[in-house]
Amino acid sequence: FRSNIEYTFVTNILNNIDKQKKEIVSIVSNILEKQVSIKLILNSSKTEKSRIKLVTIPKFETKNSVVQYSKSENTVSGDSYLIEELSDLKYLSVISDGEGNGKEAAKSSKTVINMLERLLDGGFNEDSAIEIINGVLKLKSTSNNFSTLDSMIVNLKTGNSEYIKLGAAPTYIVRDLKVITIKST
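Since the structure is predicted, the reported quantities are computational estimates derived from the model, not experimental observations.

Caption draft 1: Spatial organisation of the overall build of the protein chain. Helix and strand counts for the protein chain come out as three helices and nine strands. Written out in order from the N terminus, the α and β elements of the protein chain read β-α-β-β-β-β-α-α-β-β-β-β. Relative to a compact globule of 185 residues, whose C-alpha radius of gyration would be 16 Å, the protein chain shows 21 Å and is clearly more extended. By its C-alpha atoms, the protein chain is 55 × 45 × 35 Å across when sized along the principal axes. Burial status across the protein chain gives 30% buried among its 185 residues.

Structure, rendered in C-alpha cells:
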C-alpha cells in the first residue's frame, strides 16, 4: 500500500463547495485511514462536472519567506526568485542574483528565473531544466550580463533536499547544531 496517494476523479458539479469539500475529505480520509486534502477543484459548465484532485497530506512541509533589499542608490533589487510546487510532492525554491545592481541586474536574474519557469512548465524535470540553464549561463559568461542560480528541491514525502548551485555564494545549513556548507562548483 503506497504511503502517498494522489487521486483525481470526476463527479457531478459541486454546488455548495465548502460543505462538499469537507464531506469528501472526511469520507476519503476514513476509507484510506490517512488524512487527505483537496488540491484542486475544476468546475466545468460545459460538462456540468467537477474534477477533484485529492492528495495525502505529506509528512513534511516547506515554509518560504522572501525579503528583497536594494542598494541605497538604486530602487530595484538585482535578485529574482521562484517558489514552485513540482510533481510528486516536491517543492522548488530558487534565487537568481544578477551581476551588478539595479535594473540591469534585475533584468538578468529575471531572465534566468523566467527561463527556468518556462522549462518546468514545458515538461522538463528540474534537473534537466537547470542543466539547460547552466549551458546557457556558460555561453553568456563572457558577456557583461551574468546571473547566478541557487536552488533547493525538497521532497515532502521523505524530507530529503537537493541543492543545485550555479555560480552562487555558499549556502549554510544548520542541522543538529552543526553547520554544513554547500559551495558552487
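Caption draft 2: Layout of the pattern of salt bridges. Under the defined criterion, the tally for this structure stands at three salt bridges. Measuring nitrogen to oxygen at the nearest pair gives 3.4 Å for the salt bridge that ties K90 to E126. Pair noted here: K90 is in strand β5 (residues 90–97) and E126 is in helix α3 (residues 126–140), with a separation of 36 residues, a long-range link. Judged by its relative accessible area of 11%, E126 is buried.

Caption draft 3: Quick look at the environment of A106. Along the chain, A106 falls in helix α2 (residues 102–121). Look at A106 and you get buried, because its relative accessible area is 4%. C-alpha of A106 to C-alpha of L82: the two residues are 24 residues apart in sequence and 14 Å apart in space. In this structure, A106 is in contact with V76, S77, G78 and S80, ignoring residues within four places of it in sequence.

Caption draft 4: Structural view of a nonpolar patch on the surface. Taken together, the side chains of V66, Y81, I83 and I95 make up a nonpolar region of the molecular surface, amounting to roughly 330 Å² of accessible area. Relative to the assigned elements, V66 resides in the loop between β3 (49–56) and β4 (79–86). A relative accessible area of 38% means that V66 is categorised as partly exposed.

Caption draft 5: Quick look at α2. Between its first and last C-alpha, α2 extends 28 Å over 20 residues, near the 28 Å set by a 1.5 Å rise per residue. Directly beyond the C-terminal end of α2, a positive phi value near 105° is found at G123.

Caption draft 6: Examining the environment of I52 more closely. Considering the arrangement of structural elements, one finds I52 in strand β3. Judged by relative accessible area, I52 falls into the buried class, the value being 0%. Residues I52 and T11 lie 41 residues apart in sequence; the distance between their C-alpha atoms is 7.9 Å. Excluding its chain neighbours within four sequence positions, the residues that come into contact with I52 are Y7, T8, F9, T11, L14, I24, I38, L40 and I41.

Caption draft 7: The pairing of β5, seen in detail. Bridge analysis of β4 against β5 gives eight bridges, and the strand direction is antiparallel. Note that in β5 the partner of I83 across the bridge is S93. The pairing of β5 with strand β6 (residues 149–155) spans six bridges and is antiparallel. By the bridge assignment, K90 is partnered in β6 with N155.

Caption draft 8: Structural view of the side chain of S96. Take S96: it is sitting in strand β5. Within the structure, S96 has its side chain in polar contact with the backbone oxygen of T148 (distance 2.7 Å).

Reading guide: rules and limits
Residues numbered from 1 in each chain as written. Predicted model: local features only at pLDDT ≥ 70, side-chain atom pairs only at ≥ 80, totals over all residues. Heavy atoms only, no water. Helix = DSSP H or I, 4+ residues; strand = E, 2+ residues; numbered from the N terminus. Rg over C-alpha atoms; globule rule 2.2 N^0.38 Å. Buried < 20%, exposed > 50% of the residue type's maximum accessible area, 1.4 Å probe, protein only. Salt bridge = Lys/Arg side-chain N within 4 Å of Asp/Glu carboxyl O. Contact = heavy atoms within 4.5 Å. Patch = residues over 30% accessible without salt bridge, like charges linked within 9 Å, V, L, I, M, F, W, Y side chains within 5 Å. Areas by Shrake-Rupley, 256 points an atom, 1.4 Å probe, with all protein chains shown as cover. Expected span 1.5 Å × (residues − 1). Pairing = 2+ DSSP bridges. Polar contact = N/O pair within 3.5 Å; in protein donor to acceptor, adjacent residues only side chain to side chain.

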